Amino acid sequence: MKKLKRKHYLLLFILLIILSYVTQIFISTGYFRSIENRFEGKILKKIKLIGAEDIMISHVDSFAIISSTDRSNFP
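Each value, and the rule that gives it
- Counting from 1, residues in each chain are numbered in the order their sequence is written.
- pLDDT decides what is reported in this predicted model: residues at 70 or higher carry local features, side-chain atom pairs at 80 or more are listed and counted, and totals for whole chains, interfaces and linings draw on all residues regardless.
- Side-chain calculation: all heavy atoms of the structure are included, whereas hydrogens and water are not.
- Runs of E in the DSSP output that reach at least two residues are strands. Runs of H or I that reach at least four are helices, and both are numbered from the N terminus.
- The cut-offs for exposure are 20% and 50% of the maximum accessible area for each residue type, with area from a 1.4 Å probe on protein chains only; residues under the lower value are buried, those over the upper are exposed, and the others partly exposed.
- Accessible surface area values rest on a Shrake-Rupley calculation with a 1.4 Å probe, where residue burial reflects the displayed protein chains alone.
- Positive charge is attributed to Lys and Arg, negative charge to Asp and Glu, and no charge count is given to His or to the chain ends.
- A charge is said to be at NZ when it belongs to Lys, at CZ for Arg, at CG for Asp and at CD for Glu.
- Of the two site types, the cavity is a set of points on a 1 Å grid over the protein atoms alone where a 1.4 Å probe fits but cannot get out, and the pocket is an open set with protein on both sides within 12 Å along at least five of seven lines, each lined by residues with an atom within 4 Å of a point.
- Grid points are joined across faces, edges and corners, and a volume is the space filled by probe spheres set on the points.
- Charged residues are taken to be Asp, Glu, Lys and Arg, nonpolar residues to be Ala, Val, Leu, Ile, Met, Phe, Trp, Tyr, Cys and Pro, and polar residues to be all remaining types, Gly included.
- One speaks of a salt bridge when a side-chain nitrogen belonging to Lys or Arg is within 4 Å of a carboxyl oxygen belonging to Asp or Glu.
- Classification of ring pairs rests on two measures: the distance between centres of Phe, Tyr or Trp rings, Trp counted by its six-membered ring, which must be within 6.5 Å, and the angle between planes, read as stacked under 30 degrees, edge-to-face over 60 and tilted in between.

Draft legend 1. Main features of the overall build of the chain. From N to C terminus, the chain includes one helix and two strands. Overall, the C-alpha framework of the chain stretches about 75 × 40 × 20 Å when taken along its three principal axes. In the chain, which comprises 75 residues, the proportion classed as buried is 0%. Element-wise, carbon and sulfur atoms account for 63% of the exposed surface of the chain, whose accessible area totals about 8300 Å². Between the centroid of the 12 positive side chains of the chain and the centroid of its 6 negative side chains there is a distance of 25 Å.

Rendered as structure tokens:
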């Protein structure tokens, strides 16, 4: 009977170690971090784009290049 209890405690201990490792990975990668919506610039013009995927901003010339694809129209 004691061997059975020892096996349960060992299994519980190993499970606790694995769970703490996975939790540490989630916390260290920022999985539970909230994202704040803030913008400190000035919007010059809004353009409605379908499927904006990649935005490259040139700070020197003050413009943005946006790559967009309407994926709902692809076969």
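Draft legend 2. Local environment of the layout of surface pockets. Roughly 720 Å³ of volume is contained in the largest pocket. Only β1 (52-58) and β2 (63-68) provide two or more residues apiece to the lining of the largest pocket. With four residues, the single largest contributor to the lining of the largest pocket is β1. Looking at the lining of the largest pocket residue by residue, the class counts come to 11 nonpolar, three polar and four charged.

Draft legend 3. Region of the structure containing the pattern of salt bridges. All chains considered together, the criterion is met by one salt bridge. In this structure, Arg38 and Glu36 form a salt bridge, with 3.7 Å as the shortest nitrogen-oxygen distance. Taken as a pair, Arg38 and Glu36 share a single burial class, namely exposed.

Draft legend 4. Summary view of unusual backbone geometry. With phi around 60°, Ser62 is a residue other than glycine that occupies positive phi space. With respect to the helices and strands, Ser62 occurs in the loop between β1 and β2.

Draft legend 5. Focus on the packing of aromatic side chains. Scanning the model with the defined rule gives three aromatic pairs in all. Each ring, one from Phe26 and one from Tyr31, has its centre 5.0 Å from the other, and the planes form 50°; the classification is tilted. Given the relative accessible area of 36%, Phe26 is considered partly exposed. An aromatic cluster of three or more residues is present, and its members are Phe26, Tyr31 and Phe32.

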